[in-house]
Amino acid sequence: YDLKRTGEIYAVATGVAPQRRLIDEAVLLYLTEHAPSLKSFENIRRELFAMGDAYAGRGLDELPEVAQEYAKAQTGLLRPGTIKNRLAYLRAACRYAWKHHKVGEHNPAARMVLPVAKNARRVYLSRTQAVRVFRAMGLRWSRDAARVAFYTGWRISEVLGSVAVETPSGLALSIMDTKNGEPRMVPVHDRVAHL
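Below, the structure is looked at part by part. It should be emphasised that the depicted structure is a prediction, and the values quoted were computed from it without experimental measurement.

### Things to note about the packing of aromatic side chains
Here's step 1: Scanning the entire structure with this criterion turns up three aromatic pairs.
Here's step 2: Consider the rings of Tyr30 and Tyr96, whose centres lie 5.9 Å apart with planes at 65 degrees: the pair is edge-to-face. Here Tyr30, found in helix α2 (residues 23–34), pairs with Tyr96, found in helix α6 (residues 80–101); they are 66 residues apart in sequence, far enough to count as distant. Across the pair, Tyr96 and Tyr30 agree in class, each one buried.
Here's step 3: When the centroid spacing of 5.1 Å and the interplanar angle of 90 degrees are considered together, the rings of Phe150 and Tyr151 count as edge-to-face.
Here's step 4: By relative accessible area, Phe150 is classed as partly exposed at 30%.
Here's step 5: Through a chain of ring-to-ring contacts, the aromatic side chains of Phe134, Phe150 and Tyr151 assemble into a single cluster.

### A short note on the side chain of Glu47
Here's step 1: Mapped onto the elements of the fold, Glu47 is located in helix α3 (residues 41–50).
Here's step 2: Here Glu47 falls in the buried class, since its relative accessible area comes to 15%.
Here's step 3: Look past the residues within four positions of Glu47 in its chain and what remains in contact with it is Thr82, Arg86 and Tyr89.

### With respect to the packing of helix α7 (residues 127–136) against helix α8 (residues 140–152)
Here's step 1: Interaxial distance between α7 and α8 falls to 10 Å at its minimum, and their mutual angle equals 165 degrees. Considering the angle they form, α7 stands roughly antiparallel to α8. Helix-helix and strand crossings are classified by hand; for α7 and α8 the assignment is right-handed. Taken together, the residues of α8 that come into contact with α7 (itself represented by Arg127, Ala130 and Phe134) are Arg143, Ala146, Arg147, Phe150 and Tyr151.

### Some words on the side chain of Glu158
Here's step 1: Mapping Glu158 onto the fold places it in helix α9 (residues 156–160).
Here's step 2: Among the residues examined, Glu158 registers a relative accessible area of 8% and is labelled buried.
Here's step 3: For Glu158, the contacting residues outside a window of four places in its chain are Ile175 and Arg184.

### Side note on α6
Residues separated by three or four positions in an α-helix point in the same direction, a consequence of the helix having 3.6 residues per turn.
Here's step 1: For α6, spanning 22 residues, the distance from its first C-alpha to its last is 31 Å, which sits close to the expected 32 Å at 1.5 Å a residue.
Here's step 2: Three or more residues of α6 are buried, namely Gly81, Ile83, Arg86, Leu87, Tyr89, Leu90, Ala93, Cys94, Tyr96 and Ala97.
Here's step 3: Positive backbone phi, approximately 55 degrees, marks Lys102, located one or two places after α6.

### Considerations on the sheet that holds strand β3 (residues 184–187)
Here's step 1: Strand order in this open sheet of three strands is β1-β2-β3, and the pairing throughout is antiparallel. The open sheet has two edge strands, β1 (163–167) and β3, and neither has a second partner. On average, adjacent strands in this sheet sit at an angle of 35 degrees to one another, irrespective of strand direction.

### As for the nonpolar core
Note that soluble globular proteins tend to have their nonpolar side chains buried in a common cluster.
Here's step 1: Ranked by internal contacts, the top residues of the largest apolar core, which has 30 residues, are Ile23, Val27, Leu48, Tyr55, Leu87 and Leu90.
Here's step 2: When residues of this core are traced back to their parent elements, those giving at least two are α2, α3, α5 (63–74) and α6.
Here's step 3: Ranked by the residues each element gives to this core, the list is headed by α6, at eight residues.
Here's step 4: Apart from residues lying up to four places away in sequence, Leu48 is in contact with Val27, Tyr30, Leu31, Tyr55, Arg86, Tyr89 and Leu90.
Here's step 5: Core analysis: the second largest hydrophobic core is formed by ten residues, Ala145, Ala149, Trp154 and Val192 among them.

About the criteria used
Residues numbered from 1 in each chain as written. Predicted model: local features only at pLDDT ≥ 70, side-chain atom pairs only at ≥ 80, totals over all residues. Heavy atoms only, no water. Phe/Tyr/Trp six-rings, centres within 6.5 Å; stacked < 30°, edge-to-face > 60°. Helix = DSSP H or I, 4+ residues; strand = E, 2+ residues; numbered from the N terminus. Buried < 20%, exposed > 50% of the residue type's maximum accessible area, 1.4 Å probe, protein only. Contact = heavy atoms within 4.5 Å. Axes fitted to C-alpha atoms, helices over the stretch in contact; angles between N-to-C directions. Parallel < 35°, antiparallel > 145°, perpendicular 65-115°, else oblique. Left-handed = near helix turned anticlockwise from the far one by under 90°. Expected span 1.5 Å × (residues − 1). Pairing = 2+ DSSP bridges. Core = buried A, V, L, I, M, F, W, Y, C linked by side-chain atoms within 4.5 Å.

So this is what it looks like as structure tokens:
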């Protein structure tokens, strides 16, 4: 082992063989340089940390195998969407290190395949069901926010962060701080305009 390891170190030092770059290195670069500027930084950091054992000590050239092994090991333990998101964050980190810091000889994510997540929600409340839910809610402000969310299709956080604005076609809700950073506006339904 000692002779083999010494030979590897000598080959890298003399330039005969390229240095083996690790996924850990790419993740660290991504989390310290690029990810802090993203809205979802805390989530990215948490998800990459949660899957750290899967890529610890593994080379960038092993990324496709790491992804495949992780997806297989987590099937049944995590939802498919969670597995896919974690692997997408890992792919982004490795790509960033390769593209901006020349870590590795080629795009490590080129052969990486993300699993398919078929978890679309197809259950929607009818107006009657929604009214029952609203009546069961205790606080008036939360009930009003839930009603607006029902008629706009927005998340509660988006409703609470929105502002009512007058437009030429009527009242609308506007939100500046969206997930993708682009402002959004939806017309207000007559049933909730008074709220």
